[in-house]
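Structure at a glance
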Amino acid sequence: MEENREIINKITDLLDQLAMAYYDEQSQKRRLYYFEALTKVLEFLRTEDEWINTQEGSHDLIALLKRGSLETIHQALFFVEVKGLKHQNYVLDCLVPDGIALLSGYIMAPFLDFDNPQTVLGVNFGVGHFFFNQALMWNNPNLCFLAIENDELIGRYLIEKGLLLKQPLEIKKITDWKNQNDRSDLVIGDMRSEVVINPFQTIIDLENLTNAEASLYLVDADFFRGREIAYFKDQIKHVSQLAAFVLLPDAFFQNERFKKAFLILRKTKKITEMGVFALPNINDSQSLQKTLSDIRAYIKE
């Protein structure tokens, strides 16, 4: 564990060192964002560009990337992503804790076919921490993410990140995605108030357009106390079934006001009543596993 932490720190430091070297070079010529520099470094590493070979520490980084697991590399990227988000004045609330991503991935795994090509629609993808965590957990060689992300700079970074983590990825702006026939098998969306102004209408619009068998949305825990909930219930029943509402463990949140939940929808008509679940403390592994199994059984009816 300690050795892995050391590798993560070394990869983070060397990536940042190279990104800053490129940033310092280019920012004298034009305005530059940190994510642009980081994206270029990942591109240069992938293509073995001559610039990389001239930089101090590059050979050490290449060796570490070959040695480290995909999970290790993903964790290292997280720390440089935080720096990039700060540089663009993004609020760090857009990052989702690893534990929440793993719970989501576990609950929705039964909807994936590991023998055939699968497309997971990732809505409000951001830097992808929430989504890549699930992809690494699933370890499905046939999986492709269709990432909905409107920030072009972040989109370019995501392409390089996907290549580094060996996760096929296609980037679309929401307007472009709406103009094509949806082909996703599963929907995972970040609909927290920190990310989306009107999650009710956004979810309705998405469910109208997608043919996916199941959808999971990360929402505020007080979602069903929202002002537009009556309208939401009236509209959503025409396109999808409210399958489950899963309150996440308190340990993930510093304050009651920031608690979150999973809203799970299905296209099937077999589920006639929404199941409501509260996940127990993450330290109570036996109870947690039982509740997760109960949720999977309920939504797969």
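Quick summary incoming for the structure in this document. (Residues numbered from 1 in each chain as written. Predicted model: local features only at pLDDT ≥ 70, side-chain atom pairs only at ≥ 80, totals over all residues. Heavy atoms only, no water.)

On to the pattern of salt bridges. Applying the stated rule across the entire model yields 18 salt bridges. Among the ionic pairs, lysine 161 bridges to glutamate 81, the shortest N-O distance being 2.7 Å. Of this pair, lysine 161 sits in helix H8 (residues 152-164) while glutamate 81 sits in helix H5 (residues 70-87), and the two are 80 residues apart along the sequence. The two residues lysine 161 and glutamate 81 agree in class, both being buried. Residue lysine 300 is joined to glutamate 213 by a salt bridge in which the shortest nitrogen-to-oxygen separation is 3.9 Å. You can see lysine 300 sitting in the segment after helix H12 (285-299) and its partner glutamate 213 sitting in the loop between helix H10 (199-209) and strand E5 (214-220), a full 87 residues away along the chain. The exposure class assigned to lysine 300 is partly exposed, which follows from its relative accessible area of 38%. For glutamate 213, a relative accessible area of 34% gives the class partly exposed. If you follow the salt bridges from partner to partner, you end up with Glu170, Lys172 and Arg183 in one network. (Salt bridge = Lys/Arg side-chain N within 4 Å of Asp/Glu carboxyl O. Helix = DSSP H or I, 4+ residues; strand = E, 2+ residues; numbered from the N terminus. Buried < 20%, exposed > 50% of the residue type's maximum accessible area, 1.4 Å probe, protein only.)

The next subject is the sheet that holds strand E3 (residues 169-172). One open sheet holds the 8 strands; their spatial order is E3-E2-E1-E4-E5-E7-E6-E8, and the pairing between them is mixed. The open sheet has two edge strands, E3 and strand E8 (275-278), and neither has a second partner. Here the average twist between neighbouring strands, direction ignored, is 20°. By the bridge criterion, 6 bridges tie strand E1 (residues 118-123) to strand E2 (residues 143-148) in an arrangement that is parallel. In the strand pairing of E2, leucine 121 is matched with leucine 146. Where helix H7 (residues 129-138) meets the sheet, it contacts E1, E2, E3, strand E4 (186-190) and E5, and its direction lies at approximately 145° from that of E4. (Pairing = 2+ DSSP bridges. Axes fitted to C-alpha atoms, helices over the stretch in contact; angles between N-to-C directions. Contact = heavy atoms within 4.5 Å.)

Moving on: the packing of aromatic side chains. Here the structure, examined in full by the defined rule, presents 17 aromatic pairs. Ring centres of phenylalanine 78 and phenylalanine 79 lie 5.4 Å apart, and the angle between their planes is 80°; this geometry places the pair in the edge-to-face category. The exposure class assigned to phenylalanine 79 is partly exposed, which follows from its relative accessible area of 38%. Consider the rings of phenylalanine 130 and phenylalanine 131, whose centres lie 5.1 Å apart with planes at 65°: the pair is edge-to-face. Phenylalanine 131 carries the same exposure label as phenylalanine 130, and that label is buried. Through successive ring pairs, a cluster of aromatic residues spans Phe125, Phe130, Phe131, Phe132 and Phe145. (Phe/Tyr/Trp six-rings, centres within 6.5 Å; stacked < 30°, edge-to-face > 60°.)

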